[in-house]
Structures are given as structure tokens and as C-alpha cells.
Amino acid sequence: MRRLLLTENITADGRIEMLDDWFNPSPEGGIQEWLDGMERWGASSGSVLVGRQTFEDFRGYWPQHTDEPAGAYLDRVQKYVVSTSLTDAQWRNSTILSGDPVEEVRRLKDSDGGDITLCGSITLAHAVLAAGLVDEIRLLVFPAVQGRGKALAPEGTSMPRLELLGSDTFRSGVALLRYAVRHR
């Protein structure tokens, strides 16, 4: 069974919905530093899983930035997008999963291959967290307080058994935290 790794950019007050200007994915924003940190932990995944909105955001930015390591990785990696409205991904190595999101992710986890990284995609992240499908949570904690917006977990979701697997800090002030989710 493949592992599902949830990777989220998050503010110090636990918000993953980006309503203010606290995240910069460019080299000037420190993205290479964070990617290097995750690579030291063996974060290379066999595939990336996203919801429609995150996929469209990625597709609108990264294919024009394949000269950057993150752009080159996203261009070549297998991408799965959960969507009931997309019919043509219009990005190489992309597969649309149009069924029930939780069931689609269960099937993907049961298939052959390496780890699956789910990034961003608040609605999808909330669904798989609530369904108990996440094996590891990786948080890039930004030194910002937003005071509003959606949090990491949906209201009523409890994960009482997180085990810290590692942490790292970067010159940009971002902290990278890695937790195993211990299911009951």
C-alpha cells in the first residue's frame, strides 16, 4: 500500500487558506531551501495528488517555470487531479480522478507505486484527513499570523496521535515539521 503524505503551507496560527500575502513560491521566497529540506527526509514522491483549484493554479504557473527545480519536478512527476468538472488536464503526466474523492484516493493508495504527496487542495485535504487516509503530515510553517481562513483540519476532526518525525528551520524563518499519523 502506498503512503499518502499531506504537505501544506501553513501560518503560525494554523491557517492553510492563503488570504494574505504570506507565501512566495519563487526562488527569492526560499522555495529551494524548503525543497532541499524535504529531499533530505526522502520526500521524493512517485506522484502528486491535488484538487481541481490547486491543479489549475499549478498548471497556470509551473509549466512556465521548468527552469526552476520545483517546476521541473512538477512537469515530470505523475499528477492526479480530483475533479468532477475537468475533462482534459492539458498538462503532461496528469490523470483526472472523477469519482468520489475519498474512494479515488483509497484506490490510488491501494495501487502500485511510490508515495503520494497531496499538497494544498483544502477541500480534498479535509476529506482525506477526516477519512483517516493520511499517513504523514508535512507542514511548512510560515512566520505569519493571518487570524482567519480555513485551518489544517476540518471542524470536528481529531488526530490525537501525531508523532514528530523531524523538524528543520530555514533562513527565511519557515519551519518544516514532519509528523506520522498514528491511526487507532
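The shown structure was predicted, so the numbers you read here are calculated from the model rather than taken from an experiment.

1. Description of the pairing of strand β3 (residues 78-82)
Thought 1: Counting buried positions along β3 gives 4 out of 5 residues, so the element sits mostly inside the fold.
Thought 2: The sheet contact formed by strand β2 (residues 47-51) and β3 spans 5 bridges and is parallel. The partner of S47 across the bridge, within β3, is Q78.
Thought 3: Strand direction decides the pairing type here: β3 and strand β4 (residues 94-97), joined by 4 bridges, are parallel.

2. Let's talk about helix α4 (residues 101-110)
Thought 1: Among all positions of α4, only V102, E104, V105, L108 and K109 are buried. One side of α4 carries all its buried residues, which in axial view fall inside an arc of 160 degrees.
Thought 2: On its buried face, α4 sits against β1 (4-11), β2, β3, β4, β5 (116-119) and α5 (122-130).

3. Points about the packing of aromatic side chains
Thought 1: Taken as a whole and judged by the stated rule, the model has 2 aromatic pairs.
Thought 2: Consider the rings of F55 and W91, whose centres lie 5.7 Å apart with planes at 45 degrees: the pair is tilted. With F55 in helix α2 (residues 52-61) and W91 in the loop between β3 and β4, the pair connects residues that are 36 residues apart, well separated along the chain. W91 carries the same exposure label as F55, and that label is buried.
Thought 3: Both rings, one in Y61 and one in W62, keep their centres 4.8 Å apart while their planes meet at 90 degrees; by these two values the pair is edge-to-face.
Thought 4: Residue classification places Y61 among the partly exposed residues on the basis of a relative accessible area of 26%.
Thought 5: When its relative accessible area of 6% is taken as the criterion, W62 is described as buried.
Thought 6: Between K79 and the ring centre of W91, over which it is positioned, the NZ or CZ distance is 4.5 Å.

4. Digging into the pattern of salt bridges
Thought 1: By the definition in use, this model includes 11 salt bridges.
Thought 2: Between E56 and R52 there is a salt bridge; the shortest N-O distance is 2.8 Å. One end of the pair is E56 and the other is R52, both in helix α2 and 4 residues apart, which spans about a single turn.
Thought 3: Among the ionic pairs, E104 bridges to R107, the shortest N-O distance being 3.5 Å. Residue E104 and its partner R107 are both found in helix α4; the two are separated by 3 residues, about one turn of the helix.
Thought 4: Salt bridges here are not isolated pairs; linked through shared partners, they connect R3, D115, E136, R138 and R178.

5. Remarks on the sheet that holds β1
Thought 1: Pairing within the open sheet is mixed, and its 8 strands lie in the order β4-β3-β2-β5-β1-β6-β8-β7. A single partner strand is all that each edge strand has here, and the edge strands are β4 and β7 (162-169). On average, each strand axis in the sheet is tilted by 20 degrees relative to the strand beside it, whichever way the strands run.
Thought 2: Packed on one face of the sheet, α2 meets β2, β3, β4 and β5 and runs near 115 degrees to β2.

Rules of the game
Residues numbered from 1 in each chain as written. Predicted model: local features only at pLDDT ≥ 70, side-chain atom pairs only at ≥ 80, totals over all residues. Heavy atoms only, no water. Buried < 20%, exposed > 50% of the residue type's maximum accessible area, 1.4 Å probe, protein only. Helix = DSSP H or I, 4+ residues; strand = E, 2+ residues; numbered from the N terminus. Pairing = 2+ DSSP bridges. Arc of directions from axis to C-beta. Contact = heavy atoms within 4.5 Å. Phe/Tyr/Trp six-rings, centres within 6.5 Å; stacked < 30°, edge-to-face > 60°. Lys NZ or Arg CZ within 6 Å of the ring centre and 35° of its normal. Salt bridge = Lys/Arg side-chain N within 4 Å of Asp/Glu carboxyl O. Axes fitted to C-alpha atoms, helices over the stretch in contact; angles between N-to-C directions.

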